[in-house]
Structures are given as structure tokens and as C-alpha cells.
Amino acid sequence: MDLASTIRNIPDFPKAGIQFKDITTLLKNKDAFRQAVDSLFHLFDSKEVDIVVGIEARGFILGSVVAYLLNCGFVPVRKKGKLPATVRSKTYDLEYGNATLEMHIDAIEKNQKVVIIDDLLATGGTVQAVCEMVEEAGGEIVGIAFLIELESLQGRKAITKYPVYSLVKLD
């Protein structure tokens, strides 16, 4: 199945000039959803993985299922102010502003093998901030996977020291 054909484009969301990639159309399609999750799982099923980190919010959907299939733990990285315990924080630039992400300070243990999953790689700022938090906690990043990569924004340049995978590449 062509996963790209199941992703809806929403022009000018969340602001003018942004072409939002809506994955709800992929998620509601049982065959596309299964293919996406299975593909992400098979990227890492032969590797040692202790924790899957999912980035808010759509990374939770994909990452938690992949963690279940890998038989490992799941760690949510959330927007500022959403986690109840002591957190590690990173502020980063988006293609349309800036934001702060947080992860519980005890979410990753030293030397744990970590996979990071999110729905979209754009400029790379979000995932770079998450990588920094994981490494500050002592985790070892095994790989990073995305459902969609917007190649024209060259987000891979921000994370060149890691194995990076994307299922759908768009301009």
C-alpha cells in the first residue's frame, strides 16, 4: 500500500504557509495503520531496545504500539507543563515558532537502549531536543523513526549521528 496516499494535506494549518500533514486519515485506515506500525516495528525488531520514546502527540500513537510489539517500555515526551513529576526540559525552534518539551527526569536510565518515534521530521528541531534529553539522561539512541519526512526542510541534518528512518518521504 502507498502510505503517502492515505495522508491528507491541510493547507495553511496551523498558520498561513504551513502544509499540515494530517495522519488521521492513515490511522483510520486499518490496512495503512497496520502497515505503518509493522514497518516501524521491523526497523528495530532485531535490535536490543529497552525504551521507545514517543513525541507528543502523534508520536504517542505510533510509539506506544511499537513499544508493545518490541516488548519494551514507553516514555512520553510532552509539551511543557503536562507531566506531573520532576522533568528535564528543552526549548527548541519549530518551522513556525518555538516550543518546550519535557520528559520525566527518571524516564531513561543510564545505558538504556532507546528508539525515538514521531510522526513527522520537518526541520529536526523537535527530535534534536528529544535526543539531547535522552543523552543527558544517559540513554543510548539506537535509532529514530518517522512516519513522514519532509525532505525539502532537511531535518536529517540536525540528527546526522543517529540511524534515521522514514516510511514516507515528501517534498
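Look up: the structure comes first, before these words.
Nothing here was measured: the structure is a model prediction, and the numbers come from that model.

Draft legend 1. How the structure looks around the packing of aromatic side chains. Considering all chains together, one arrives at three aromatic pairs under this definition. Between phenylalanine 13 and phenylalanine 20 the ring centres are 5.1 Å apart and the planes differ by 85°, which places this aromatic pair in the edge-to-face class. A residue is classified by how much of its surface remains accessible, and phenylalanine 13, at 44% relative accessible area, is partly exposed. Geometrically, the ring pair formed by phenylalanine 60 and phenylalanine 74 is edge-to-face, given 6.2 Å between the ring centres and 90° between the ring planes. Taken together, the residues span a long stretch of sequence, with phenylalanine 60 in helix H3 (residues 58–70) and phenylalanine 74 in strand S4 (residues 73–79) at a distance of 14 residues. Exposure remark for phenylalanine 74: the relative accessible area of 30% places this residue in the partly exposed category.

Draft legend 2. Seen up close, the sheet that holds strand S5 (residues 87–94). Taken in spatial order, the seven strands make up an open sheet running S5-S6-S4-S3-S7-S8-S9, and their pairing is mixed. Strand pairing shows two members of the sheet lacking a second neighbour, S5 and strand S9 (164–170), which therefore form its edges. Sheet twist, expressed as the average angle between the axes of neighbouring strands with direction ignored, equals 20°. Where S4 meets strand S6 (residues 97–104), two bridges bridge the pair, whose relative direction is antiparallel. Bridge assignment links lysine 79 to a residue of S6, and that residue is leucine 101. Packing of helix H2 (residues 30–44) onto the sheet brings it into contact with strand S7 (113–121), strand S8 (140–150) and S9, and relative to S8 it is tilted by some 150°. Here helix H4 (residues 125–136) sits on the sheet and contacts strand S3 (51–55), S4, S5, S6, S7 and S8; the angle it forms with S5, its principal contact strand, is near 155°.

Draft legend 3. Expanded view of unusual backbone geometry. Backbone torsion omega between phenylalanine 13 and proline 14 reads 5°, so that peptide bond is classified as cis. You can see proline 14 is positioned in the loop between strand S1 (8–11) and strand S2 (19–22). In this model, glutamate 56 is joined to alanine 57 through a cis peptide bond whose omega is -5°. Examined against the element boundaries, alanine 57 turns out to sit in the loop between S3 and H3. The residue asparagine 71 is not glycine, and still its phi comes out positive at about 60°. Checked against the element boundaries, asparagine 71 lands in the loop between H3 and S4. Assessed through its relative accessible area of 71%, asparagine 71 is described here as exposed. Despite not being glycine, glutamine 154 shows a phi value in the positive range, around 55°. Relative to the helices and strands, glutamine 154 is located in the loop between S8 and S9. A relative accessible area of 44% means that glutamine 154 is categorised as partly exposed.

About the cut-offs
Residues numbered from 1 in each chain as written. Predicted model: local features only at pLDDT ≥ 70, side-chain atom pairs only at ≥ 80, totals over all residues. Heavy atoms only, no water. Phe/Tyr/Trp six-rings, centres within 6.5 Å; stacked < 30°, edge-to-face > 60°. Buried < 20%, exposed > 50% of the residue type's maximum accessible area, 1.4 Å probe, protein only. Helix = DSSP H or I, 4+ residues; strand = E, 2+ residues; numbered from the N terminus. Pairing = 2+ DSSP bridges. Axes fitted to C-alpha atoms, helices over the stretch in contact; angles between N-to-C directions. Contact = heavy atoms within 4.5 Å.

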